[in-house]
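The primary structure of each chain is shown beneath.
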Amino acid sequence: MEFPSKLLEKAVDEISQLPGIGKRTALRLMLHLLKQPEDQTNRLTEALTKMRQDIIFCKSCHNISDKEICDICSNPARDHQTICVVEDIRDVMALENTRLFKGIYHVLGGKISPIDGIGPSQLNIQSLIDKVKKGEVKEIIFALSSTMEGDTTNFYIYKHVKDFEIITSTIARGISVGDELEYADEVTLGRSLIHRVPFESAFKAV
Ligand SMILES: [Zn+2]
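Residues numbered from 1 in each chain as written. Predicted model: local features only at pLDDT ≥ 70, side-chain atom pairs only at ≥ 80, totals over all residues.

- Named according to an unreviewed UniProt entry, the protein chain is Recombination protein RecR originating from Myroides indicus.
- As recorded by UniProt, the Function (unreviewed entry) comment attached to the protein chain reads in full: "May play a role in DNA repair. It seems to be involved in an RecBC-independent recombinational process of DNA repair. It may act with RecF and RecO."
- UniProt, in its Sequence similarities (unreviewed entry) section for the protein chain, records the words "Belongs to the RecR family." (UniProt positions renumbered as here; feature names shortened; annotations may be inferred.)

Written out as structure tokens, the structure is:
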């Protein structure tokens, strides 16, 4: 692609690094911004810079937060002994939208995937196991997507917590096998949380 301006080319290059955005889309977005008042671009860059600089991850559950401990973890009305284990921050958002879950979350930040070189130590797994060891947990609900990597991750955690006196369950599979949680509709997702099944029986059924 030939650009009439190096500045435009640089901006298009940067934007096209984002997932799902090719050079053509990036160019369309940049030309759109150039047609708008300069103030709009300033607000956009300021929002991005501020988000990048100021956002932090909750020290307890690893959810994205504006504070050291996120609003969910610091809410006394929530059941702090019931922990829903999810892969991603988007899953917390999807489950919160159902308004059915009153416990707290634990965001792993991914799934164990040897092919991609992701092992347990690269994920937020140890901090979850530590919570169980400290006796802070009554129930763990596995809510990872039902893929091979999701199952491997569930089982790895299960192995480390099964000897403690806690309940382990997994969300019922109203969710199709292979589906990502964030794409499930709220009713299906909410129902699968309410009708969760003991992890052991779900594991044996596989
Ligand atoms: Zn939190």
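Now, onward.
**Notes on the overall build of the protein chain**
- On a plain count of helices and strands, the protein chain comes out with 8 helices and 7 strands.
- Its C-alpha atoms give the protein chain principal-axis dimensions of roughly 65 × 35 × 35 Å.
- Among the 206 residues that make up the protein chain, the fraction classed as buried is 28%.
- Of all intrachain contacts in the protein chain linking residues separated by at least 6 positions in sequence, the fraction that spans at least 24 positions is 56%. (Helix = DSSP H or I, 4+ residues; strand = E, 2+ residues; numbered from the N terminus. Buried ≥ 20, exposed ≤ 12 C-beta atoms within 10 Å, placed from the backbone. Contact = placed C-beta atoms within 7 Å.)

**Thoughts on the nonpolar core**
- Formed by 33 residues in total, the largest nonpolar core has its most connected members in Cys84, Val85, Val86, Leu95, Tyr105 and Ala143.
- When contributions to this core are tallied by element, the ones reaching two or more residues are β3 (79-86), α4 (89-98), β4 (103-107), α5 (126-133), β5 (139-142) and α7 (186-194).
- The element contributing the most residues to this core is β3, with 4 residues.
- Sequence-distant contacts of Ala143, defined by excluding residues within four places in its chain, comprise Cys84, Val85, Val86, Asp91, Leu95, Ile171 and Leu181. (Core = buried A, V, L, I, M, F, W, Y, C linked by C-beta atoms within 7 Å.)

**Details of the domain arrangement of the protein chain**
- Domain parsing of the protein chain yields domain 1 (6-49) and domain 2 (76-205).
- Of note, the centres of domain 1 and domain 2, computed from C-alpha atoms alone, are 37 Å apart. (Domains from an automatic or database assignment.)

**Regarding the sheet that holds β4**
- A sheet is described by the order of its strands in space; here 5 strands give the open sequence β4-β3-β5-β6-β7, paired in mixed fashion. Each end of this open sheet is capped by a strand with a single partner; those strands are β4 and β7 (197-198).
- Here 5 bridges tie β3 to β4, and the two strands are oriented parallel to one another. Residue Asp79 lies in a different strand from β4, and its bridge partner there is Gly103.
- Across the sheet, helix α6 (residues 148-161) lies against β3, β5 and β6 (167-170), angled at about 170 degrees from β6, the strand it touches most. (Pairing = 2+ DSSP bridges. Axes fitted to C-alpha atoms, helices over the stretch in contact; angles between N-to-C directions.)

**Let's talk about unusual backbone geometry**
- Of note in the backbone geometry, His62 takes a positive phi value of approximately 70 degrees without being a glycine.
- With respect to the helices and strands, His62 occurs in the loop between β1 (56-57) and β2 (64-65).
- Phi at Arg99 takes a positive value of approximately 55 degrees, unusual for a residue other than glycine.

**Looking at helix α3 (residues 38-54)**
- With 17 residues, α3 extends 24 Å between its outermost C-alpha atoms, agreeing within 8% with the 24 Å of an ideal straight helix rising 1.5 Å per residue.
- Burial of α3 is sparse: only 0 of the 17 residues sit out of reach of the surface. (Expected span 1.5 Å × (residues − 1).)

**Brief notes about the environment of Arg196**
- Structurally, the position occupied by Arg196 is in the loop between α7 and β7.
- Judged by the 20 C-beta atoms lying within 10 Å of it, Arg196 is buried.
- Along the chain, Arg196 and Leu123 lie 73 residues apart, while their C-alpha atoms are 24 Å from each other.
- Those residues in contact with Arg196 that lie beyond four places of it in its chain are Ile141, Ser169, Thr170, Ile171 and Ala172.

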